[in-house]
Amino acid sequence: MNTYDLSGRVAVVTGGAQGIGLAVTERLQASGAKVAVWDMQGASSGDAQMVCDIADMASVKAALAATEAALGPVDILVNSAGIAGPNAPIGEYDDAAWAQIIAINLTGTYNTNKAVLAGMQSRDYGRIVNIASIAGKEGNPNACAYSASKAGVIGFTKSAGKENAAHNIAVNCVTPAAARTPIFDQMSEEHIDYMLSKIPRARFLEVEEAASMIAWIVSAENSFTTGAVFDLSGGRATY
Ligand SMILES: NC(=O)c1ccc[n+]([C@@H]2O[C@H](COP(=O)([O-])OP(=O)(O)OC[C@H]3O[C@@H](n4cnc5c(N)ncnc54)[C@H](O)[C@@H]3O)[C@@H](O)[C@H]2O)c1
C-alpha cells in the first residue's frame, strides 16, 4: 500500500462511520493524518468523532468548532456522507424522499465545503474531495433524486475549484460506480443488478480502491488539479 505524507494534517471525513468514508478514514490515518469523523450515527473510527447532520449548517458549524478544539485547523475534507434513497420512477417518487436526498447529498456538500473553506483560504492551504457518483454523470433510471443530487455535487465542485484556484486549495470530486457497502440496503435488488451490469470491469468497486485514489488527491502532491472529476467507474464513464 502506498502512503502519502499527511503527517501533521488534520482531516474531516463525513460519513466516516462506515462504507467508503470508513475506508478513507483508515487510509488517511495510515498516511499520518489525524481524522475527525462527522457522522449522523456514532462512529468508532478516526481520532475524534462528532455526531453531525451535514444537511444542517448549525450542526456542521458545531462539528467544525469541536474538531478545531480537539485536533486543530482543518487541512483536508472528504465529504462522503450521503444517502441513496428509494428506487421508483419519477411519477411515483416520494416527494419527501426527493427533498431529503437533495438536502443531504447536495446541500450537505455546500454546507461542509463552505464551513471549512473560510479557514483554508486564510491559511492558504486545503484539499477537498466530494464523493459524487457515476449516477451524476449518466443518470440512473429509478434514482432521479440521487442522480440529480450527484450531478449537483459535480457542478458545485467545479465552481468551488475555480473560485479557490488562486489559493493552494484543491477542490475535486470522484465518481464511483457501485461499491458493496451498507448503502445497498436502501436500494432494490433490481437496481443493484442494473448498476453492476453497466460496469465493464464486471465487478463492484472495492472501498479500498476509492480510498487509494482519494489519499493521493488530498495530498500536497496534488498541487495543480482542481475543479476536476476523477473517475472510479470501472470503465462505465465515457467522458
Ligand atoms: N457505495 C456505492 O455504491 C456508491 C457509489 C457511488 C457513490 N457513493 C457515494 O459515496 C458516499 C458514501 O457511500 P457509502 O457507500 O459509504 O454509504 P454508507 O451508507 O455505507 O455510508 C454513508 C455514511 O453517511 C452517514 N450519513 C448519512 N446521512 C448523513 C447526514 N445527513 N449527516 C452525516 N452523516 C450522514 C451514514 O450514517 C453513514 O455512516 C455517498 O455519498 C454515496 O452516495 C456510493
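Keep in mind it's a predicted model, so treat the numbers as computed, not measured. (Residues numbered from 1 in each chain as written. Predicted model: local features only at pLDDT ≥ 70, side-chain atom pairs only at ≥ 80, totals over all residues. Heavy atoms only, no water.)

### With respect to the pairing of strand β2 (residues 34-39)
Within β2, five of the six residues are buried, which leaves it mostly tucked inside the rest of the structure. Examined bridge by bridge, strand β1 (residues 10-14) and β2 share five bridges and lie parallel to one another. Paired with T14 across the bridge in β2 is W38. In terms of strand pairing, β2 meets strand β3 (residues 48-51) through four bridges, oriented parallel. Along β3, the bridge assignment pairs D39 with V51. (Buried < 20%, exposed > 50% of the residue type's maximum accessible area, 1.4 Å probe, protein only. Helix = DSSP H or I, 4+ residues; strand = E, 2+ residues; numbered from the N terminus. Pairing = 2+ DSSP bridges.)

### Brief notes about the UniProt feature "domain: Ketoreductase" (unreviewed entry) in the protein chain
In the numbering adopted here, UniProt assigns the feature "domain: Ketoreductase" (unreviewed entry) to residues 9-179. Helix makes up 47% of residues 9-179 and strand 19%, whereas the separation of the span's terminal C-alpha atoms amounts to 28 Å. (UniProt positions renumbered as here; feature names shortened; annotations may be inferred.)

### Some points on the environment of Q186
Along the polypeptide, Q186 turns up in the loop between β6 (169-176) and α6 (189-197). Its relative accessible area of 33% is what places Q186 among the partly exposed residues. Residues within four places of Q186 in sequence aside, it is in contact with I83, A84, G85, P86 and N87. (Contact = heavy atoms within 4.5 Å.)

### Here we look at helix α3 (residues 95-123)
For the α-helix, the turn length of 3.6 residues means that residues three or four positions removed from each other point alike. Between its first and last C-alpha atoms α3 spans 41 Å; for 29 residues at 1.5 Å apiece the expected length is 42 Å, and the two agree. At T107, α3 shows its maximal kink, close to 35 degrees. At the C-terminal side of α3, D124 shows a positive phi close to 55 degrees. (Expected span 1.5 Å × (residues − 1). Bend = angle between axes of the 7 residues up to and from the residue.)

### Some thoughts on the pairing of strand β7 (residues 229-232)
Working note: regular strand, side chains alternate between the two faces of the sheet. By the alternation rule, side chains of β7 split into F230 and L232, which are all buried, and V229 and D231, of which none is buried. Both β6 and β7 contribute to a ladder of four bridges, which runs parallel. Residue pairing for β7: T175 is matched across the bridge by D231.

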